Structures are given as structure tokens and as C-alpha cells.
Amino acid sequence: MERGAAFLGSEVAIMAGAMSWVSERHLVSAMSNAGGFGVIACGAMTPALLDAEIAATKAMTDRPFGVNLITMHPDLTALIEVCARHAVGHVVLAGGLPPKGSLEEIKASGAKVICFAPTLALAKKLIRSGVDALVIEGMEAGGHIGPVSTSVLAQEMLPELAGVVPVFVAGGIGRGEAIAGYLDMGAAGVQIGTRFVCASESIAHPNFKKAFIRASARDAVASVQIDPRLPVIPVRALKNAGGELFSARQREVAQSLDEGRLAMAEAQLQIEHYWAGALRRAVIDGDVEHGSVMAGQSVGMVTKEEPIADIIAALMEEAAQAFDRRAG
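What counts, and at which threshold
- Residues numbered from 1 in each chain as written.
- Predicted model: local features only at pLDDT ≥ 70, side-chain atom pairs only at ≥ 80, totals over all residues.
- Heavy atoms only, no water.
- Axes fitted to C-alpha atoms, helices over the stretch in contact; angles between N-to-C directions.
- Helix = DSSP H or I, 4+ residues; strand = E, 2+ residues; numbered from the N terminus.
- Parallel < 35°, antiparallel > 145°, perpendicular 65-115°, else oblique.
- Left-handed = near helix turned anticlockwise from the far one by under 90°.
- Contact = heavy atoms within 4.5 Å.
- Nonpolar A, V, L, I, M, F, W, Y, C, P; charged D, E, K, R; others polar.
- Pairing = 2+ DSSP bridges.
- Buried < 20%, exposed > 50% of the residue type's maximum accessible area, 1.4 Å probe, protein only.
- Phe/Tyr/Trp six-rings, centres within 6.5 Å; stacked < 30°, edge-to-face > 60°.
- Lys NZ or Arg CZ within 6 Å of the ring centre and 35° of its normal.
- Core = buried A, V, L, I, M, F, W, Y, C linked by side-chain atoms within 4.5 Å.

So, about the packing of helix α3 (residues 47–60) against helix α4 (residues 76–85). Between two packed helices, the angle of one axis relative to the other and the distance separating the axes together describe the packing. Remark: α3 packs on α4, axes separated minimally by 9 Å, with the N-to-C direction vectors making an angle of 25 degrees. Considered as vectors, α3 and α4 are oriented roughly parallel to each other. Judged by the twist between their axes, the crossing of α3 over α4 is right-handed. Seen from α3, the contacting residues are P47, L50, D51 and I54; seen from α4, they are A78, L79, V82, C83 and R85. Tallied by class, the residues present in the contact of α3 with α4 amount to seven nonpolar, no polar and two charged.

Quick look at the structure:
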């Protein structure tokens, strides 16, 4: 984990997953202050909103933190400029291949670039493009997911990539024993989201946190794609009426696509905006029935609200004990 911590500038190589509406100044600063690495979820923020969020986070911590940007954001270049003005040290790009020139723009500011790599071929391509580190995230994760499990991705990708760039493993990690296992396989660290939603410092609505504490792993299900002509990245969230609302929204967007009222890129953007709104209803307003309660399958290991420092300490203690047992 020393390699990952050195890369991030943190005490422990545990990145907090960027969760829209949840990963804002309070959780991010608390994560970094506790020795981990907080990451602001830019999501659908405008450049002005991101500017204010970074400034507010800097006022709450003097430790390093990162910013997660969505590659399909229409104002991506302006968001990169905001990060550069604030001398953000790490920019995480999520949501697909980085647009031409974006990696160069980020690196020109002196920041390190971290990208998500869903396949080994794409990982190698990203490394050739100049990314500084990778996140490999399995389908157990909350929010947008791919089709392959974390354990399979780790077995396939870590032996090939771990010696080239720092690789952080994400998806379904809820205890320190799992962290120890991935470190043993060559990972430089991990990214965890679901486990931190119920941190005391998280601004998530009490209803949102209660839903997490009550849920089991099988309650966190992936959304269904209604129309094959409208490729929708599945999203993992707790089962509720909001899932049906999303299916209805997909049908509406697909019809607009059929009738020529929407281009494909705009259709996909509308789906992303839907998720941002549905997530806000759940996280901020507390409507956990009709909003989107995005959660990974590790949600069953979230049993109480507690300070983020205590969560990190427990994870590290479990990991240390796992290594002690292996050492005999």
C-alpha cells in the first residue's frame, strides 16, 4: 500500500469513490483528514459550481484530494481548467474513453490522471496514452457498473498492469480482508464508496442512510436496459419504485430517438441527467422510494453510522490481521 499512498499523497491508499451528491466538501475533506484520499464527484456540476466546491473543500482540509470528472460532460474542458486553477493534484476521469486532448490538458497543469479501465485492452491503451494510474471496478460496485466481477478483473488485470502503473481495485469491498487480498495480488490500493455513505460526516439524508443500514447485498440490483438501440450503462441501486420510473424514462428517450427529435449523444446525456436528478431526490431530499438509492453489493456490511476515521481504522486493522494470519 505504500506505493498507492505515495502516489496519492495520503497516509493509506484508500480512495473514496466519487458518489454524486454524497462526495462533496464534507465527506471529501473528512476522508482526507482521516488519512484516506477524498474525491469530489463533479457529476453534472457546472464549472462555477465545481470551482466553489473545490474552494470550500480546500478550506476544510490541507491534505490532498482529487476531482472526478465525467468524460461526456459538455463542459469538460472548462472543468479541467477549474481543476488546474486550483492546482488539484489528481483528476479522475470516468464514463468512457477520455476525449482527444483531455489527458494532455490535465497533465499540463501538473496533475496526475487516474482513469477507469473496464478491460485489459482498454487499460493498456490508456497507459500508452499517458495515464498515471488506473481503477479497475467490478460489477459489485454501486452506481454505473460494467459486466465483470471485481475478483475476475483483478485476476486478469493485476498481473499484467500492477508493475506498470499503480492500480486501485474497486467494487464490493467492505472489509479489510478483501483489501489485503487485492494488495497481495499487486494492487497499489483500493477505492471504496458504499462503505462511506453512512459516515457521520456524510450529508446523505437520514432516510438514505437508514436504507443502507437495513439493506442486504441482494437488495442492490442492476438496472435493466429496455431498448437495445439505446445503450444504457447499468446502474446498481437498492430495489424500489425508482427502478420502474427509470424504465419508463428509457422508453420516452428511445421514442424521441426513433422520431429523430434526439441525437444519440443527447439521448445518452438525458439518461445521465435523469440519474443525477433521481439520485438527488434520494440523497438530499430523502425520497428513497422514488429516487435512486445507488449502492454496491457491500451494502450489507454497512451496519451503523460512524465517523469516517473509525471506518478507515477498522478496515486497516482487519487488513493487518489478515496479513498477520498469512505470515503465520
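What follows continues from the structure just given.
Before going further, it helps to spend a moment on the sheet that holds strand β4 (residues 90–94). Across the sheet, eight strands lie side by side as β1-β9-β8-β6-β5-β4-β3-β2; this open sheet has parallel pairing. Whereas interior strands pair on both sides, the edge strands pair on one side only; in this sheet they are β1 (14–16) and β2 (38–41). Here the strands of the sheet are splayed against their neighbours by 25 degrees on average, with no regard to which way each runs. Here strand β8 (residues 167–170) pairs with strand β9 (residues 189–192) via three bridges, running parallel.

Residues other than glycine seldom take positive phi values, yet W21 does so here, at roughly 75 degrees. If you trace the backbone, W21 turns up in the loop between β1 and α2 (25–33). A positive phi angle, close to 55 degrees, is found at A87, a residue other than glycine. Structurally, the position occupied by A87 is in the loop between α4 and β4. Given the relative accessible area of 61%, A87 is considered exposed.

Right, let's talk about the packing of aromatic side chains for a bit. This structure, assessed with the given rule, holds five aromatic pairs. For the pair F208 and F212, a centre-to-centre distance of 5.1 Å together with 35 degrees between the ring planes defines the contact as tilted. Of this pair, F208 and F212 both sit in helix α9 (residues 206–214), separated by four residues, roughly a single helical turn. The burial state of F208 is the same as that of F212; both residues are buried. The ring of W21 carries the charged tip of R280 above its face, separated from the ring centre by 5.2 Å.

Two orientations exist for strands paired in a sheet by backbone hydrogen bonds: parallel and antiparallel. Reading across the sheet, the three strands line up as β7-β11-β10 and stay open at both edges, with antiparallel pairing between neighbours. The outermost strands of the open sheet, each flanked by one partner alone, are β7 (143–144) and β10 (220–222). Where β7 lies against strand β11 (residues 235–238), two bridges are found, and the strand directions are antiparallel. Counted as the bridge partner of G143 is R236 from β11.

Turning our eyes to something else, we now look at the environment of A211. Looking at the element boundaries, A211 is found in helix α9. Residue A211 is classed as buried on the basis of its relative accessible area, which comes to 15%. Taking the C-alpha atoms as reference points, A211 and T77, separated by 134 residues in sequence, lie 37 Å from one another. Residues contacting A211, with those up to four places away along its chain left out, are L238, V288 and V293.

To continue, consider the nonpolar core. With 89 residues, the main nonpolar core has L50, L69, L134 and F196 as its most contacted residues. For this core, the element with the most residues is helix α11 (residues 264–283), which contributes eight residues. Beyond its immediate sequence surroundings of up to four residues, L50 is in contact with I40, C42, M45, V67, L69, L79, V82 and C83. Counting residues in each nonpolar core, the second largest holds 13 residues, with A5, F7, V39 and I114 among its members.

Bear in mind that shape data such as this cannot, by itself, settle questions of function.
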